[in-house]
Amino acid sequence: MSSESVPQDVESKPAPSKDPNAGHEYEDVLQLIGFGRVQWIVLLAAGLLLMMVINETMGMSYITIVSQCDFEMNSMDKAIMSAASFIGIFCSSYFWGYLSDTVGRRPILIYTTIAGNVLSLCSTVIPNYWFYVFIRFGVGFFIAGASSTTYAYLGEFFTPRHRPIAINYASLFVGISTVYVPATAWLILSMDWSVNVTEDFSFRPWRLLTICYLLPGVIGTLMLWTLPESPKILMSLHKNEEAFAAVDWIAVTNSGKHLHEFKVHKLKTEANSDGENILLISKSAFTTIKKMWKETLPLLKRPHLVNFVISCTIMCGLFFSSSGMGLWYPEIQNRLGSNTADDSMTVCEVIDASIDQMQANTTNKICDDHINTKSYIDTITYGSALIVGYILMGLVINTIGRKASISIGLSLAGACAVALIFIKDEVVIVVCFCLYLVLPGLCVSILSGAVVDLVPTHLRGKAVCICLMLGRTGSVFGSNIIGVLLESYCSLTFGVFSGFVLVCASLTLLLPI
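Residues numbered from 1 in each chain as written. Predicted model: local features only at pLDDT ≥ 70, side-chain atom pairs only at ≥ 80, totals over all residues. Heavy atoms only, no water.

Naming follows an unreviewed UniProt entry, where the protein chain appears as Major facilitator superfamily (MFS) profile domain-containing protein of Drosophila rhopaloa. Word for word, the UniProt comment on the protein chain under Subcellular location (unreviewed entry) is "Membrane". (UniProt positions renumbered as here; feature names shortened; annotations may be inferred.)

Below, the structure is given as structure tokens:
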């Protein structure tokens, strides 16, 4: 998700205006006001929204386990349920990103988050499997607004000097969420109670867990209500008076002084903004789609086509491994932790043994939706590794560069996937799993930065948004491939995931980054 911030990250600071009648540059005014309370509030609100997105998507990895008895699910049913939110995000992320450029960041963030939270709340009382999947698709459809717009809103409240730092801290919320999801599940699912609402429906702890996962979004939305729209997008839409008022509010909140006390009486209008809002002036959906297509088409032509296609393919591989396998990580660790054999076993041997146990349970009409403690601990370890990884990657990338960082990281991840077929030591299995999930996840932001450099300024936002949107299809494919292959062809599953990651490592060498 940090990856979506990169267009803001590379924006350079404009030169100060020499004509006093032209007004002050927005970034220069932020520099005069200084870093303060507003920036911290925006950073925290953005982080909470990002937490909500991760909670709602990756949290399904636990929901699918503990709801399997209620919905009578097999592995394929679990894969479909896990992928529903990702499909929703894929279907709408470009639309929300485009809309945020035409009507504003703040309304998109607020209303899409509210809609996603309401649907998520509704899902807690749905007893039917397919209706539940449909609602989870709707949740993904709306939380894509936060996924595609949060970093743009965040970046536009910071000066170019502070922007990379803000983005880095916002990225840490992804790791924090990866710890929050299993820790909250551990707390809630350890409870053993059930409230019978009807003969066919009982409210169990896993439904309460869903409410806990949406809470960061609720808090983040409440914080957004206290904040103004991004002055940068207001100027882009030629709402100069509103932009000046927003910057004046920032000045008063941070320093207690109004803009005129800084001798700022006017903001310089963006020269390259045509102010055209095709979504507001057009009554035709076809006209809107045609306009969006026209602005996107240059990415599919020379000289950008080859590099853009390679980047999208690699991004798909990153999500395929980090999110696709990540959704099944608690399930696999749960089976490993449930293994009672005395001898050490490989991952696939444990999975085969768990299939025999599940078949015996089916014969005896026993449904086991228990999650063992080891699964929670291992997933918290993974989240902690992700937090540390974001910090370390910032140090490594400055030393060896982006191309080497991605190719080495993915090669190491591929080797870990192969090793998981053979190793039997529990500690080594956890380490290899964590590396396989963490390294591709860290490369998402690096690749997004590369995409920014590969295309001109007016295409950067669209390029990153489309690249991430297509990348998320990897999450869907990865999750469903595991659902189909894991139990029948376990070794082949890890081989496929390893091969895809190694192919992406090779493709990285073709990019001029």
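**Student:** Could you give an account of the packing of helix H3 (residues 37–58) against helix H8 (residues 129–155), naming the residues involved and the relevant values?
**Tutor:** Remark: H3 packs on H8, axes separated minimally by 9 Å, with the N-to-C direction vectors making an angle of 150 degrees. Here H3 lies roughly antiparallel to H8, going by the angle between them. In this structure, H3 crosses over H8, and the sense of that crossing is left-handed. The residues of H8 that touch H3, namely those facing Val42, Leu43, Ala46, Leu49, Leu50, Met52, Val53, Glu56 and Thr57, are Arg136, Val139, Ile143, Ala146, Ser147, Thr150, Tyr151, Tyr153 and Leu154. A breakdown of the residues in the contact of H3 with H8 according to their chemical character gives 13 nonpolar, three polar and two charged. (Axes fitted to C-alpha atoms, helices over the stretch in contact; angles between N-to-C directions. Helix = DSSP H or I, 4+ residues; strand = E, 2+ residues; numbered from the N terminus. Parallel < 35°, antiparallel > 145°, perpendicular 65-115°, else oblique. Left-handed = near helix turned anticlockwise from the far one by under 90°. Contact = heavy atoms within 4.5 Å. Nonpolar A, V, L, I, M, F, W, Y, C, P; charged D, E, K, R; others polar.)

**Student:** Describe empty space enclosed by the protein, naming the residues involved and giving the relevant values.
**Tutor:** Overall, the coordinates contain three cavities of 30 Å³ or more when judged by the stated rule. The calculated volume of the largest cavity comes to roughly 420 Å³. Forming the boundary of the largest cavity are 27 residues, of which Ile54, Met58, Val174, Ser323 and Tyr382 lie nearest the centre. Secondary structure elements with two or more residues in the lining of the largest cavity: H3, helix H4 (60–66), helix H6 (75–103), helix H9 (163–189), helix H15 (305–324), helix H16 (329–337), helix H18 (373–400) and helix H20 (426–454). (1 Å grid on protein atoms, 1.4 Å probe; cavity = no way out; pocket = protein on both sides within 12 Å on 5 of 7 lines; lining within 4 Å. Points joined across faces, edges and corners; volume = space filled by probe spheres on them.)

**Student:** Requested: an account of the environment of Met469, with residues and values cited.
**Tutor:** One can find Met469 in helix H21 (residues 457–485). Judged by its relative accessible area of 14%, Met469 falls in the buried class. Distance in space between the C-alpha atoms of Met469 and Phe90 is 5.2 Å, their sequence separation being 379 residues. Those residues within four positions of Met469 in sequence are excluded, and the remaining contacts are Phe90, Ser93 and Tyr94. (Buried < 20%, exposed > 50% of the residue type's maximum accessible area, 1.4 Å probe, protein only.)

**Student:** How would you explain the nonpolar core if you had to name every residue and give the values?
**Tutor:** The biggest cluster of nonpolar side chains holds 77 residues, and the ones touching the most others in it are Met325, Val347, Phe433, Tyr436 and Phe494. If one sorts the elements of this core by residue count, H20 sits on top with 17 residues. Each residue touching Met325, except ones within four places of it in the same chain, is listed here: Phe320, Ile332, Phe433, Tyr436, Leu437, Ile482, Phe494 and Phe497. (Core = buried A, V, L, I, M, F, W, Y, C linked by side-chain atoms within 4.5 Å.)

**Student:** Could you give an account of helix H2 (residues 26–33), with specific residues and numbers?
**Tutor:** Most of H2 sits out of view: six of its eight residues are buried. Burial in H2 covers these residues: Tyr26, Glu27, Asp28, Val29, Leu30 and Ile33. At the exit of H2 stands Gly34, carrying a positive phi of roughly 95 degrees.

**Student:** Please set out H6 residue by residue, giving values where relevant.
**Tutor:** When the terminal C-alpha atoms of H6 are compared, their 42 Å separation across 29 residues agrees well with the 42 Å that a helix rising 1.5 Å per residue should span. The principal kink in H6, of about 45 degrees, is found at Ser92. Across the 29 residues of H6, 21 count as buried, placing the element largely inside the fold. For H6, the side-chain oxygen to backbone nitrogen distance between the N-cap and Asp77 is 2.8 Å, and the N-cap itself is Asn74. Backbone geometry just after H6 places Gly104 at a positive phi near 125 degrees. (Expected span 1.5 Å × (residues − 1). Bend = angle between axes of the 7 residues up to and from the residue. Polar contact = N/O pair within 3.5 Å; in protein donor to acceptor, adjacent residues only side chain to side chain.)

**Student:** Explain the packing of helix H7 (residues 105–123) against H8 to me, using residue names and the numbers behind them.
**Tutor:** Two elements in contact, H7 and H8, have axes whose closest approach is 8 Å; the angle formed by their N-to-C orientations is 155 degrees. Classified by the interaxial angle, the pair formed by H7 and H8 is roughly antiparallel. The two elements H7 and H8 cross, and the hand of that crossing is left-handed. For the contact of H7 with H8, the residue count by class is 12 nonpolar, nine polar and three charged.

**Student:** Explain the pattern of salt bridges to me, and be specific about the residues and the numbers.
**Tutor:** Tallying each qualifying case throughout the model produces four salt bridges. A salt bridge links Lys232 to Glu27; the nearest nitrogen and oxygen atoms lie 2.9 Å apart. Placement of the pair is Lys232 in helix H11 (residues 231–236) and Glu27 in helix H2, with a sequence separation of 205 residues. With respect to burial, Lys232 and Glu27 carry one shared label: buried. Close ionic contact of Arg204 with Asp70 constitutes a salt bridge, the shortest N to O distance being 2.7 Å. Taken together, the residues Arg204 in the loop between strand E2 (202–203) and helix H10 (205–225) and Asp70 in helix H5 (residues 68–71) connect sequence positions 134 residues apart. (Salt bridge = Lys/Arg side-chain N within 4 Å of Asp/Glu carboxyl O.)

**Student:** How would you explain the packing of aromatic side chains if you had to name every residue and give the values?
**Tutor:** Scanning the model with the defined rule gives 19 aromatic pairs in all. Considering the side-chain rings of Trp186 and Tyr376, the 5.7 Å spacing of their centres and the 10 degrees angle between planes classify their relative orientation as stacked. Of this pair, Trp186 sits in helix H9 while Tyr376 sits in helix H18, and the two are 190 residues apart along the sequence. In this structure Tyr376 comes out as buried when scored by relative accessible area, which is 4%. Judged by centre distance (4.8 Å) and plane angle (65 degrees), the ring pair of Phe320 and Phe500 falls under edge-to-face. Residue Phe320 is located in helix H15, and its partner Phe500 is located in helix H22 (residues 490–508); the two are separated by 180 residues in the primary sequence. Residue class for Phe320 comes out buried when judged on its relative accessible area of 4%. For Phe500, a relative accessible area of 26% puts it in the partly exposed group. (Phe/Tyr/Trp six-rings, centres within 6.5 Å; stacked < 30°, edge-to-face > 60°.)

**Student:** Explain the environment of Thr221 to me, using residue names and the numbers behind them.
**Tutor:** As for its placement among the helices and strands, Thr221 is situated in helix H10. Thr221 sits 112 residues away from Leu109 along the chain, and the two C-alpha atoms are 7.8 Å apart. Discounting chain neighbours no more than four positions away, the residues touching Thr221 are Leu49, Ile110, Thr113 and Ile114. A distance of 2.7 Å separates a polar side-chain atom of Thr221 from the backbone oxygen of Gly217.

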